[in-house]
Amino acid sequence: MPRLNLYSLSMQISRMFDQGQSLFCTIKVQDWLRQRNQDPNDYDILFHEKPAPPESGLIKMVEIELRRKDGQPVDPWLQAEVNRYM
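Calculation criteria
Residues numbered from 1 in each chain as written. Predicted model: local features only at pLDDT ≥ 70, side-chain atom pairs only at ≥ 80, totals over all residues. Heavy atoms only, no water. Helix = DSSP H or I, 4+ residues; strand = E, 2+ residues; numbered from the N terminus. Buried < 20%, exposed > 50% of the residue type's maximum accessible area, 1.4 Å probe, protein only. Polar contact = N/O pair within 3.5 Å; in protein donor to acceptor, adjacent residues only side chain to side chain. Contact = heavy atoms within 4.5 Å. Core = buried A, V, L, I, M, F, W, Y, C linked by side-chain atoms within 4.5 Å. Salt bridge = Lys/Arg side-chain N within 4 Å of Asp/Glu carboxyl O. pLDDT = per-residue confidence, 0-100.

Participant: Looking at this structure, how should I read the side chain of Asn83?
Facilitator: Counting through the fold element by element, Asn83 comes out in the segment after α3 (76-82). Relative accessible area serves as the criterion here: at 18%, Asn83 is assigned to the buried category. A distance of 3.5 Å separates a polar atom in the side chain of Asn83 from the backbone oxygen of Gln79. Setting aside residues no more than four positions away along its own chain, Asn83 makes contact with Ser10, Val62, Glu63 and Ile64.

Shown next, in the form of structure tokens:
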């Protein structure tokens, strides 16, 4: 079974929501996009709560949805990476 990466963006965002720090989550995702040479102004960032995997130690996980403002599809690799937690 793969081990959870507690430092993945998805796990950090989920913990921030649990701790009531959801106001800072958009900024965290924007920084993550900048690190991958993406312009955060090109994206709408949405958060969706869902049940967490049992091994995570969390009650819920927050799924991050990226939407391009120009209507183009988001690169599938980028969308998968933003939600990777292993």
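Participant: Explain the nonpolar core to me, please; I cannot follow it from the model alone.
Facilitator: It is characteristic of soluble globular proteins that their nonpolar side chains tend to be buried jointly. Core analysis: the largest hydrophobic core is formed by 16 residues, its most contacted members being Ile13, Val29, Leu33, Ile64 and Leu66. Put simply, the parts of the chain that give this core at least two residues each are α1 (9-18), α2 (25-35), β1 (43-51), β2 (60-68) and α3. The residues contacting Ile13, other than those within four sequence positions of it, are Cys25, Lys28, Val29, Phe47, Val62 and Ile64.

Participant: Quick question: what am I supposed to make of the pattern of salt bridges here?
Facilitator: Any two side chains of opposite charge can pair, so long as their charged atoms come close to each other. Scanning all chains against the criterion turns up six salt bridges. Note that Arg68 and Asp70 form a salt bridge whose closest N and O atoms lie 2.8 Å from each other. Taking the shortest distance from any N to any O, the salt bridge between Glu81 and Arg84 comes out at 3.2 Å. You can call Arg84 partly exposed: its relative accessible area is 43%.

Participant: Would you mind showing me how to read the confidence of the model for the protein chain here?
Facilitator: Close inspection of predicted coordinates is inappropriate for parts of the model with low pLDDT. Summing up the model confidence of the protein chain, the mean pLDDT is 88 and the portion of residues at 70 or higher is 91%. The secondary-structure element of the protein chain with the lowest mean pLDDT is α1, recorded at 90, while α2 shows the highest, at 96.

Participant: Looking at this structure, I do not really get the environment of Leu9. What am I missing?
Facilitator: Among the secondary structure elements, Leu9 is positioned in helix α1. Exposure remark for Leu9: the relative accessible area of 9% places this residue in the buried category. Considered as a pair, Leu9 and Tyr43 are 34 residues apart in the sequence and their alpha carbons are 17 Å apart. In this structure Leu9 touches Lys28, Val29, Trp32, Ile64 and Val82, once residues within four positions along its chain are discounted.

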